[in-house]
Amino acid sequence: MQQKIKSALISVFNKDGLKDIIPLLKQQNITIYSTGGTQKFIEENGGKCISVESLTGYPSILGGRVKTLHPVVFGGFLARRDVEGDLKEMKQYNIPEIDLVVVDLYPFEETVKATNDEAAIIEKIDIGGPSMIRAAAKNFKNVLVIADKKEYQTLAKILKEQNAETSLEERKDFARKAFDVCSGYDIAISNYFNKTHFANPFQFEKKVLRYGENPHQQGYFLGDMSEIFEQLHGKELSYNNLVDVDAALQLMKEFKKKDDSDDTTFAVIKHTNVCGIAQRKNVSEALSAALAGDPESAFGGVLICNSTIDLKTAEALKDLFIEVLIAPAFDEEAVPVLKVKKNRIILKLKKFPKEEEQTKALLDGLLIQENDKGNFTEWKEEGGRASSEKEKEDLAFANLVCKHLKSNAIAIIKNKQLLGKGAGQTSRVDALRHAIEKANQFEFDLQNSVVASDAFFPFDDCVKIAHNAGVTSFIQPGGSIRDKDSIDYCKENNLVMVITGLRHFKH
């Protein structure tokens, strides 16, 4: 059903882009109703307005808190043009038909970011704006609603190329977008009052991915990747790429460099698990050690570094098949070398994701938890001897690596290099056996290595097996009713056992 726009109500906080719309409305002889600063802006830019106050018979009151909340205004939004009773009442109460509603919302989220002044924040909770948007969107059969300045370009096209006429399908699509705007706004306000950080999916356009986790699944992304990284090269990121990139960023967040004197960390991620990681004095050495941890699993993996990728490192990576490479910077001469693989995705990291919570959809609901922060809450030396400084460094490193492996998880570390890992196993001892097997596969010397476990050792079998393989130091959260069995074995064999008090399950 085509409908001609003959009248419009415009009330916006942000005037950007509105100037270009005014002459188009004027050309179509569209009657404009407005109020306050918007009316002044329209008139200063050559438009003519009828004030909302002249419609309602009431001025803006309560410091501007009440301007448009009136039956004459909302009657113009909600009246059904095909219902005789509605038309009769509109005539009786002098309610004008309003065909176009252009309204935005007070900048609540921006105010929350800019100040801690609660009074200022509360004043930016819009009441009239969401009410008008929802009313106009509800009556999409008769009314076109524009709730975001991003839609001004489309509105301009309607006014110029469609002679100010819209179809029912167009109006319904704009209504959908308008309800999304209101939903996102409500989430932001709820987050403020509940002190939560639930992601607001409605502030972004839905990005359609090539497919989901598998080719027969449709996938989407709601967010702004450009805030996190700049893509320098390669194909479009897939669903699985994004999942692994996030895992890589969460891991490297643990190893952010404070200054240039800090060592470089390089890591390899495959199916969200760490399959190689090392910390060295320079980038190329860190890459070499990280790849050595499991060169087979690195094939098609996601690589991430906390230092600038130089030419030497780029040459080492040139012929390797890797899906994604992430770094905070790239030397100018390194980028062309990396681009020889046309599909290789190269991401320049701008900042780490800041989300405080994790959300998972299940059982027709949402499961929400805080992110797993920290490494340990205590450092209790419970073994047969205290750890040396070198062992302390390896143990702390191992514990962070293990934190980013799927449970049940074991990480074997020596000289800040991952030698073997067991991840996603249904028993802890199987995770350990797998870690030892991987280390032996690539002929690592496990003598004087350390083991980290994401949760307690339920029996002393793990420390016995690891010790027989050459491990001399252990770190785990503790908490088993049989902690004493593992601790006693370490005491009897002069092994280090550190209890951290902080479990790192990851499912």
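The numbers attached to residues start from 1 for each chain and follow its sequence in the written order. Local features in a predicted model are, by the rule used here, given only for residues with pLDDT of at least 70; side-chain atom pairs are given and counted only at 80 or more, and totals for whole chains, interfaces and linings are based on all residues. Note that the side-chain values use all heavy atoms of the structure and ignore hydrogens as well as water.

Remarks on unusual backbone geometry
Residue Asn408 follows Ser407 across a cis peptide bond; omega there is -10°. Every helix listed is a DSSP run of H or I at least four residues long, and every strand listed is a run of E at least two residues long, numbered separately from the N terminus. The residue Asn408 is located in the loop between helix H15 (389–403) and strand S19 (410–413) in this model. The phi torsion at Asn94 lies on the positive side, around 55°, for a residue other than glycine. By secondary structure assignment, the location of Asn94 is in the loop between helix H5 (84–92) and strand S5 (100–103). Positive phi is not limited to glycine here, since Asn163 has a value of about 55°. Tracing the backbone shows Asn163 in the loop between helix H9 (152–161) and strand S7 (165–166). Note on classification: 1.4 Å probe, protein chains only; a residue is buried when its accessible area is under 20% of the maximum for its type, exposed when over 50%, partly exposed between these limits. When its relative accessible area of 41% is taken as the criterion, Asn163 is described as partly exposed.

Overview of the environment of Asn375
You can see Asn375 is positioned in the loop between strand S17 (365–370) and strand S18 (380–381). On a C-alpha basis, the gap between Asn375 and Ala119 in space is 38 Å, while along the polypeptide they are 256 residues apart.

So, the pattern of salt bridges
One speaks of a salt bridge when a side-chain nitrogen belonging to Lys or Arg is within 4 Å of a carboxyl oxygen belonging to Asp or Glu. Tallied over the entire structure, the rule returns 28 salt bridges. For Lys235, the salt bridge identified is with Glu323, shortest N-O distance 3.4 Å. Note that Lys235 is positioned in the loop between strand S10 (229–233) and helix H11 (239–252) and Glu323 in the loop between helix H13 (311–317) and strand S14 (324–327), a separation of 88 residues in sequence. For Lys235, a relative accessible area of 26% puts it in the partly exposed group. Residue classification places Glu323 among the buried positions, given a relative accessible area of 18%. One continuous salt-bridge network, built from bridges that share partners, spans Glu151, Asp173, Arg176, Lys177 and Asp180.

Looking at the environment of Leu432
Within the secondary structure layout, Leu432 lies in helix H16 (residues 428–441). For Leu432, a relative accessible area of 1% corresponds to the buried category. Those residues within four positions of Leu432 in sequence are excluded, and the remaining contacts are Ile410, Val451, Cys462, Ile465 and Ala466. Throughout, a contact is declared for two residues whenever any of their heavy atoms are within 4.5 Å.

Examining the packing of aromatic side chains
In this scheme Phe, Tyr and Trp rings, the latter by its six-membered ring, pair at centre separations within 6.5 Å, and the angle between planes marks the pair as stacked below 30 degrees, edge-to-face above 60, and tilted otherwise. Here the structure, examined in full by the defined rule, presents nine aromatic pairs. With a centroid separation of 5.4 Å and an interplanar angle of 75°, the aromatic rings of Phe74 and Phe77 are classed as edge-to-face. In this pair, Phe74 and Phe77 are both assigned in helix H4 (residues 71–78), three residues apart and thus about one turn of the helix distant. Phe74 sits in the buried class, given a relative accessible area of 15%. Taking relative accessible area as the criterion, Phe77 reaches 0% and is therefore assigned buried. An angle of 90° between the planes, with centres 6.2 Å apart, marks the rings of Phe457 and Phe474 as edge-to-face. With Phe457 in the loop between strand S21 (449–453) and helix H17 (461–469) and Phe474 in strand S22 (residues 471–476), the pair connects residues that are 17 residues apart, well separated along the chain. The residues Phe457 and Phe474 share a single accessibility class, namely buried. Chaining the aromatic ring pairs together yields one cluster made of Phe108, Tyr185, Tyr192 and Phe193. Here Lys177 stacks its cationic end above the ring of Phe174, 5.2 Å away from the centre of that ring. The criterion for a charge sitting over a ring is simple: Lys NZ or Arg CZ within 6 Å of the ring centre, and within 35 degrees of the ring normal.

Quick look at helix H8 (residues 128–138)
Where burial is concerned, most of H8 is hidden: eight out of the eleven residues are buried. If you check which residues of H8 are buried, you get Gly128, Gly129, Pro130, Met132, Ile133, Ala135, Ala136 and Ala137. Contact partners of the buried residues in H8: strand S2 (7–11), H4, S5, strand S6 (144–146) and helix H10 (168–194).

Section: the pairing of S14
Here S14 shows a buried face lined by Val324 and Ile326 and a second buried face lined by Leu325 and Ala327. At least two DSSP bridges between two strands are required for those strands to pair. As paired elements, strand S13 (residues 302–305) and S14 share three bridges and run parallel to each other. Across the sheet, Leu303 pairs through a bridge with Leu325, a residue of S14. Orienting the strands away from the viewer, one traces the path from the first strand over the helix to the second; a clockwise path indicates a right-handed crossover. A crossover links S13 with its parallel partner S14, the connecting element being H13, and its sense is right-handed. The sheet contact formed by S14 and strand S15 (residues 345–349) spans four bridges and is parallel. For Val324, the partnering residue across the bridge sits in S15 and is Ile345.

So, to be careful, I would describe these as geometric facts and stop short of saying anything about function.
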